[in-house]
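# Per-entry structural report
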Amino acid sequence: MAKSVPLWLKLTVLTVLSAHLAFAIFTVESIGNKIPIADEWHPRLNADLAVRIANGQFNVDDLFATYRGHRLLTSLSLTALNTLLFRYDPRFEMWISAGLLVLNFSLTALLMRWLLGGQSPRLFWLSLIPVAALTFSGRNWIAWVWGVMTVWQFAVVLTLLAILIALRWRLSWRTTLLLTVLCTLVSFSFGAGVLAFGVVGMVLFTRRERHLGRWAVFGAAALFCSAALFVGERQAASSLTISPLANLLSISWILGAVQLSVPRSGVTAAWTVEYNHYLSVAFQVFCVAIAIFALNAWRLRRVAAPKLIAPSTLVLWSLGFALAISLTRGNEITTTFQADYYTPLQVQFWLGCLSASFLALQHFPKRALAFLNSLFIAFVTATHVAFTVTAFVQVITPQYVHMALADMRECALTALLRNDSCRTFRILPQAPYETAYQLARLRLSVFSDVAREPVTLALAFVPLHDADSAAHAFEVSDKGEHILFQRTTRLMQSLALPDLPDYRFTLRGALTADAACAEQSVKARLIVDDGETQRVAVERTVTADLVPFAFDLTDWRGRAFSLLYEVDTSKPLTCGHVLWANPRIELSQADFAEEERK
């Protein structure tokens, strides 16, 4: 086989695969963060599970938490292991996601080898290029840096493994039990994972497996897992489910959009700028793909019927998955169809269509059908290579990243001060203050190494006279800083520091005034008031120079207090303003702070 494959083709395959792997590694290293984000903050999910394990409160039931139709057994098991080994570092789960993509590619490559390798080794090696481009598509990159999203990769890998076993192994009791376990695990990854039972069952039925006892075991497990779809999990959510035509349209959008959009950035081609036009193109792309697949299946039904099972299985599985999205998330269909965290499952549709195209090229190499399939393969491959290049540009150009993952660390720590400005938390029903506090107290996740990277927490102001004062963004030393322009005699800010005995809190900032205020001999004062006592943190006559200040707030750990910003002058304040530059609280480990002071 090796002699019949040209060296340039092997090098091309290895180059494409290596480039995509390098992109995955670079993505995790560059924007991967140690802080949980988005769904991982919900009760009973990753961050909360890490706290329970560290507190010795872990219960096996915690691994079977249900969330929005997901039963996160595989993902939460990974989080449990992560907590025990790495003090809950979400980057560990990101690396697992990248590793699962490698497994996904390997299993798909085995499938393609079974389809093509024996008779057409060159075609097999050529097929690995689009398989790599699809599996490691740039649409996947956001999932690599979201630990909780490993649930999708588990579902794909386990289902592909089950399909391969069902295709290649004789059905025995051991095989039946193994397939049952694999499909059950898929169901625990995602409610619609019960589709794995359907596609594996289709493979077994097509192979004429007729043992009633083994079918009974397999079928009973499928019924058991199906029950979760109707008891306690998310049901049809909108009028979209009433119309079969609407469901068909949503399926076409969900699967067709995979060829159009890059994650978190909308669309990349000029002809997809208009939203309605985008839906139209997604529908047309899906129709072309399904038409080519149907044509190939019709031509191959006699010459390659046994091998046609594999492409058909992948296509039907993805169609069923898209239908499940339409039925359960109909009210969100306008955004769901291009949601990148579904990409690992959506991609299987295109892999199924492509595998049928390569099979047709093998059996009909010199006909018009071969030319049509070659165009289709080239289009899909080029699209996803372009997605990866575009996503790489996003990763190295932070202003184009929809959600700045590097800021998640500061967002979580800011929550300790009851600051609601972080959008990471605003998407949740309520900000997970208690979970963030517990992570800090137990030194889990990012809090375990805060001594080496002290964190500054921006303060949100509550002026006593809104009409006379405002907070703005201001450029200082080419870095965006939070500036308070005080135009009243008194402003107040309420805070509550968490009771973290291993951490030190330092109030930092700088003070200046415009020239008119400097001439007026304005005295600025910052007071810490806990309702019983007051302590002056800063008191000085302001000048036009920007003078920094620092005040130790460690004695206020575990207490609520207010910061009072006062301006005192012998005359009415007729000057422009007093400027408090970037007032913030710095959080660091106490022993580290002591060493720095010495």
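Keep in mind that what you see is a predicted model, and the values were worked out from it rather than measured.

## With respect to the overall build of the protein
Along the backbone of the protein there are 21 helices and 13 strands. Looking at the protein residue by residue over its 598 residues, the buried ones come to 58%. For the protein, restricting intrachain contacts to residue pairs at least 6 apart in sequence, the fraction spanning at least 24 positions comes to 78%. As displayed, the protein has an accessible area near 26000 Å², and 60% of this comes from carbon and sulfur atoms.

## Section: the pairing of strand β10 (residues 534-541)
Inspection of the sheet shows strand β9 (residues 523-529) paired to β10 by seven bridges, in the antiparallel sense. In the strand pairing of β10, V528 is matched with R535. A loop of four residues connects β9 with β10, the two strands running antiparallel in sequence, and G531 in this loop sits at a positive phi of about 95°.

## Section: the side chain of T381
Structurally, T381 is set in helix α16 (residues 368-396). Residues in contact with T381, not counting those within four places in the same chain, are I129, P130 and A133.

## Points about the packing of aromatic side chains
Across all of its chains, the model carries 13 aromatic pairs by this definition. With a centroid separation of 6.1 Å and an interplanar angle of 45°, the aromatic rings of F105 and F136 are classed as tilted. Of the two residues, F105 sits in helix α4 (residues 90-117) while F136 sits in the loop between α5 (121-135) and α6 (141-144), which places them 31 residues apart along the sequence. Like F136, F105 is buried.

## Notes on the packing of helix α3 (residues 73-86) against helix α7 (residues 150-168)
Relative placement of two packed helices is described by the angle separating their axes and the distance separating the axes. For the pair α3 and α7, interaxial distance at closest approach is 8 Å and the crossing angle is 120°. Viewed along their axes, α3 and α7 adopt a mutual orientation that is oblique. You can see that α3 and α7 cross each other, and the crossing is right-handed. Packed against α3, whose contacting residues are T74, S75 and L78, the element α7 presents T150, V151 and F154 at the interface. Partitioning the contact of α3 with α7 into residue classes produces three nonpolar, three polar and no charged.

## Observations concerning a positive patch on the surface
A cluster of basic side chains, namely R299, R301, R302 and R367, defines a positive patch on the protein surface. Structurally, the position occupied by R302 is in the loop between α12 (275-300) and α13 (305-328).

## Structural notes on the nonpolar core
In terms of nonpolar packing, the biggest core is built from 122 residues, with V200 and W350 touching the most fellow members. With 14 residues, the single largest contributor to this core is α7. Residues within four places of W350 in sequence aside, it is in contact with L134, L255, G256, V258, Q259, V285, A289, F376 and V380. Counting 51 residues, the second-largest nonpolar core is a separate cluster that includes V51, Y88, Y503 and L511.

## Description of the pattern of salt bridges
Within this structure, the stated rule accounts for eight salt bridges. Its salt-bridge partner being R504, residue D552 comes within 2.6 Å of it at the nearest N-O pair. Note that D552 is positioned in strand β11 (residues 547-552) and R504 in strand β8 (residues 503-513), a separation of 48 residues in sequence. Residue D552 is classed as partly exposed on the basis of its relative accessible area, which comes to 32%. Residue D555 pairs with R535 through a salt bridge whose shortest N-O separation is 3.7 Å. One end of the pair, D555, is in the loop between β11 and β12 (560-568); the other, R535, is in strand β10, and 20 residues separate them in sequence.

## A word on unusual backbone geometry
In the Ramachandran plot, R208 falls in the positive-phi region, its phi being about 65° despite a non-glycine side chain. As for its placement among the helices and strands, R208 is situated in the loop between α9 (195-206) and α10 (212-227). Taking relative accessible area as the criterion, R208 reaches 66% and is therefore assigned exposed. Positioned with a positive phi, R443 is a non-glycine residue whose angle comes to about 55°. Along the polypeptide, R443 turns up in the loop between α19 (433-441) and β3 (455-458).

## Examining a nonpolar patch on the surface
A contiguous nonpolar surface patch, about 470 Å² in accessible area, is contributed by F26, V385, V389, F392, V393 and I396. Looking at which element gives the most residues to the nonpolar patch, the answer is α16, with five residues. Relative to the assigned elements, V393 resides in helix α16.

## Structural notes on α3
Here α3 spans 19 Å end to end across 14 residues, near enough to the 20 Å set by a 1.5 Å rise per residue. What α3 keeps buried is the set L73, T74, S75, L76, L78, T79, A80, N82 and T83. Downstream of α3 by a residue or two, R87 has a phi angle that is positive, lying close to 55°.

## Examining the environment of F188
Turning to its location among the elements, F188 is positioned in helix α8 (residues 173-189). The sequence separation of F188 and C225 amounts to 37 residues, and the corresponding C-alpha distance is 8.3 Å. Setting aside chain neighbours within four positions, we find F188 in contact with F64, R71, L72 and L73.

## Looking at the packing of helix α2 (residues 46-54) against α19
Axis separation between α2 and α19 bottoms out at 10 Å; the angle between their running directions is 45°. One element, α2, and the other, α19, form an angle in the oblique class. Here α2 runs over α19; the crossing is left-handed. For the pair α2 and α19, contact is made by A47, D48 and V51 and by T435, Q438 and L439, respectively. Considering only residue class, the contact of α2 with α19 consists of three nonpolar, two polar and one charged.

## Remarks on α8
Helix length check: α8, at 17 residues, gives a terminal C-alpha distance of 25 Å against a target of 24 Å (1.5 Å per residue), a fit within 8%. Taken residue by residue, α8 has T175, T176, L179, T180, L182, C183, T184, V186, S187, F188 and S189 as its buried positions.

## Section: the environment of A132
Relative to the helices and strands, A132 is located in helix α5. Sequence separation between A132 and A19 is 113 residues; the distance between their C-alpha atoms is 9.8 Å. Among all residues touching A132, those that are not within four sequence positions of it are V16, L17, H20, F105 and S137.

## Some thoughts on the confidence of the model for the protein
Overall, the predicted model of the protein reaches an average pLDDT of 77, with 75% of residues at or above 70. Note that residues 232-241 has pLDDT below 50 and, in this model, 31 contacts with residues that lie over four places away or in other chains. In the predicted structure, residues 265-273 sits below a pLDDT of 50 and forms 16 contacts with residues beyond four places in sequence or in another chain.

Conventions adopted
Residues numbered from 1 in each chain as written. Predicted model: local features only at pLDDT ≥ 70, side-chain atom pairs only at ≥ 80, totals over all residues. Heavy atoms only, no water. Helix = DSSP H or I, 4+ residues; strand = E, 2+ residues; numbered from the N terminus. Buried < 20%, exposed > 50% of the residue type's maximum accessible area, 1.4 Å probe, protein only. Contact = heavy atoms within 4.5 Å. Areas by Shrake-Rupley, 256 points an atom, 1.4 Å probe, with all protein chains shown as cover. Pairing = 2+ DSSP bridges. Phe/Tyr/Trp six-rings, centres within 6.5 Å; stacked < 30°, edge-to-face > 60°. Axes fitted to C-alpha atoms, helices over the stretch in contact; angles between N-to-C directions. Parallel < 35°, antiparallel > 145°, perpendicular 65-115°, else oblique. Left-handed = near helix turned anticlockwise from the far one by under 90°. Nonpolar A, V, L, I, M, F, W, Y, C, P; charged D, E, K, R; others polar. Patch = residues over 30% accessible without salt bridge, like charges linked within 9 Å, V, L, I, M, F, W, Y side chains within 5 Å. Salt bridge = Lys/Arg side-chain N within 4 Å of Asp/Glu carboxyl O. Lys, Arg positive; Asp, Glu negative; His and termini not counted. Charge placed at Lys NZ, Arg CZ, Asp CG, Glu CD. Core = buried A, V, L, I, M, F, W, Y, C linked by side-chain atoms within 4.5 Å. Expected span 1.5 Å × (residues − 1). pLDDT = per-residue confidence, 0-100.

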